[in-house]
Amino acid sequence: MSGKVVNDMGMLVLLGVEIIIGIAIGLILTAIGLFLGNISLFESIATGVIIGVVAHKTMGVHPVIAIGLGIVAIVILYYLQTKSIGFWIVGGLYSLMWGFIVGLVVYSATGENMLWTYIAWAIGALVFLGLHLVARSRQEA
């Protein structure tokens, strides 16, 4: 092969890598934007995906049925979060869960300091409850 052909192939590979990186960054930013912009929808989709995967992988449910279960879960969870009592129950549980995840990160980062863990859990839960309230106000508008 001549040097020009190898150089051109290298440029094509580099261009392909740049495109893949750009798509990955775009998908990540889209997920972050959905999470911050409408956390209720993000959580419903994430839970639906988890339910579908768990149904298929651990219980041997046919993929089509697993996808259907995931879609039903998305619709039910999102619908519940649009109703007053459902919002407080489902949104509150999700906020506690996200706060718990923040607490686990702080627990690991502080050398297993429980005081910092509980404070981070409480603050994290309040922050995520705030995100739920913002998402709810956007749904009502």
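For the structure given in this document, a descriptive report is provided here. Owing to the predicted nature of the structure, the values given are computational and were not obtained by experimental measurement. (Residues numbered from 1 in each chain as written. Predicted model: local features only at pLDDT ≥ 70, side-chain atom pairs only at ≥ 80, totals over all residues. Heavy atoms only, no water.)

As a further point, take unusual backbone geometry. In the Ramachandran plot, Glu112 falls in the positive-phi region, its phi being about 65° despite a non-glycine side chain. Tracing the backbone through its elements, the reader meets Glu112 in the loop between helix H4 (84-109) and helix H5 (114-140). By relative accessible area, which is 54% here, Glu112 ends up exposed. (Helix = DSSP H or I, 4+ residues; strand = E, 2+ residues; numbered from the N terminus. Buried < 20%, exposed > 50% of the residue type's maximum accessible area, 1.4 Å probe, protein only.)

Following both chains from N to C, one finds helix H3 (residues 63-82) and H4 inclined at 115°, their axes separated by 5 Å at the closest point. Between H3 and H4, the angle falls in the class roughly perpendicular. Across the interface between the two elements, Leu77, Leu80, Gln81 and Thr82 of H3 pack against Ser84, Gly86, Phe87, Val90, Gly91 and Tyr94 of H4. A per-class count over the contact of H3 with H4 returns five nonpolar, five polar and no charged. (Axes fitted to C-alpha atoms, helices over the stretch in contact; angles between N-to-C directions. Parallel < 35°, antiparallel > 145°, perpendicular 65-115°, else oblique. Contact = heavy atoms within 4.5 Å. Nonpolar A, V, L, I, M, F, W, Y, C, P; charged D, E, K, R; others polar.)

Here we take up helix H2 (residues 39-59). Here H2 spans 29 Å end to end across 21 residues, near enough to the 30 Å set by a 1.5 Å rise per residue. The complete set of buried residues in H2 reads Ile39, Ser40, Glu43, Ser44, Thr47, Gly48, Gly52 and Ala55. (Expected span 1.5 Å × (residues − 1).)

What follows deals with the environment of Val49. For Val49, the position within the fold is in helix H2. Residue class for Val49 comes out partly exposed when judged on its relative accessible area of 48%. As for Val49 and Gly70, which are separated by 21 residues in sequence, their C-alpha atoms are 5.6 Å apart.

In the contact formed by H2 and H3, the axes pass within 8 Å of each other and the chain directions differ by 150°. Overall, the two elements H2 and H3 adopt an arrangement that is roughly antiparallel. Two packed elements cross with a definite hand, and for H2 against H3 that hand is right-handed. Across the interface between the two elements, Ser40, Leu41, Glu43, Ser44, Ile45, Thr47, Gly48, Ile51, Gly52, Ala55 and His56 from H2 touch Pro63, Ala66, Leu69, Gly70, Ala73, Ile74, Leu77, Tyr78 and Gln81 from H3. Residue composition of the contact of H2 with H3, grouped by class: 11 nonpolar, eight polar and one charged. (Left-handed = near helix turned anticlockwise from the far one by under 90°.)

Structurally, His132 can be placed in helix H5. On the basis of relative accessibility, which here comes to 0%, the residue His132 falls in the buried class. Taking the C-alpha atoms as reference, His132 lies 8.0 Å from Ser95; in sequence the two are 37 residues apart. In this structure, His132 is in contact with Ile39, Ser40, Glu43, Gln81, Phe87, Gly91, Tyr94 and Ser95, ignoring residues within four places of it in sequence. One polar contact links His132 to Ser95, side chain to side chain, over a distance of 3.0 Å. (Polar contact = N/O pair within 3.5 Å; in protein donor to acceptor, adjacent residues only side chain to side chain.)

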